[in-house]
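# Breakdown of the fold
The lines below spell out each chain.
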Amino acid sequence: MARKSLIQRERKRQKLEQKYHLIRRSSKKEISKVPSLSDKWEIHGKLQSSPRNSAPTRLHRRCFLTGRPGANYRYFGLSGHILREMVHACLLPGATRSSW
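First things first, this report covers the structure right here in the doc. Here the structure is a predicted model, which means the values were calculated and not measured.

The next thing to look at is the pattern of salt bridges. Here the structure, examined in full by the defined rule, presents 1 salt bridge. A salt bridge links E10 to R13; the nearest nitrogen and oxygen atoms lie 3.5 Å apart. Of this pair, E10 and R13 both sit in helix α1 (residues 4-33), 3 residues apart, which is roughly one turn of the helix. There is no split in this pair, since E10 and R13 are both buried.

Written as structure tokens, this is what we have:
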């Protein structure tokens, strides 16, 4: 189980990203439309003034049950070892078991 503080930090980043999503997207569209370089620099400065954690690249996918950051399957939202345990316990219909 991941530490609670790390999970809360990730949730805070998700909220910030949702809050600034439209602002960042509109600024990026403006940059592509403006022909002069000085105007582009102004818009870029405005884009950089937004919080660092509002960038979508700072988000990290975590396991739904344990909060584990590594080896996540997007389709299930679970980490690899939890997914394997659930498949062996027949909790995920349609998933095939494998043993090695």
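On we go.
Moving on, we get to the environment of R84. Here R84 shows up in helix α3 (residues 80-88). Taking C-alpha positions, R84 is 53 Å from P35, a pair spaced 49 residues apart along the chain.

The grouping of Y73, Y75 and F76 at the surface amounts to a nonpolar patch, some 400 Å² of accessible area in total. Topologically, Y73 is positioned in strand β1 (residues 72-73).

Summed over the entire model, instances satisfying the criterion amount to 1 aromatic pair. Taken together, a centroid distance of 5.1 Å and an interplanar angle of 90° make the contact between Y75 and F76 edge-to-face.

To continue, consider α1. Since the α-helix turns once every 3.6 residues, residues separated by three or four places project in the same direction. With 30 residues, α1 should cover 44 Å at 1.5 Å per step; its first-to-last C-alpha distance of 43 Å lies within 8% of that length. Within α1, the axis deviates most sharply at Y20, by approximately 50°. Where α1 is concerned, the buried positions are I7, E10, R13, L16, E17, Y20, R24 and S27. On its buried face, α1 is in contact with α2 (37-48).

Rules behind the numbers
- Residues numbered from 1 in each chain as written.
- Predicted model: local features only at pLDDT ≥ 70, side-chain atom pairs only at ≥ 80, totals over all residues.
- Heavy atoms only, no water.
- Salt bridge = Lys/Arg side-chain N within 4 Å of Asp/Glu carboxyl O.
- Helix = DSSP H or I, 4+ residues; strand = E, 2+ residues; numbered from the N terminus.
- Buried < 20%, exposed > 50% of the residue type's maximum accessible area, 1.4 Å probe, protein only.
- Patch = residues over 30% accessible without salt bridge, like charges linked within 9 Å, V, L, I, M, F, W, Y side chains within 5 Å.
- Areas by Shrake-Rupley, 256 points an atom, 1.4 Å probe, with all protein chains shown as cover.
- Phe/Tyr/Trp six-rings, centres within 6.5 Å; stacked < 30°, edge-to-face > 60°.
- Expected span 1.5 Å × (residues − 1).
- Bend = angle between axes of the 7 residues up to and from the residue.
- Contact = heavy atoms within 4.5 Å.

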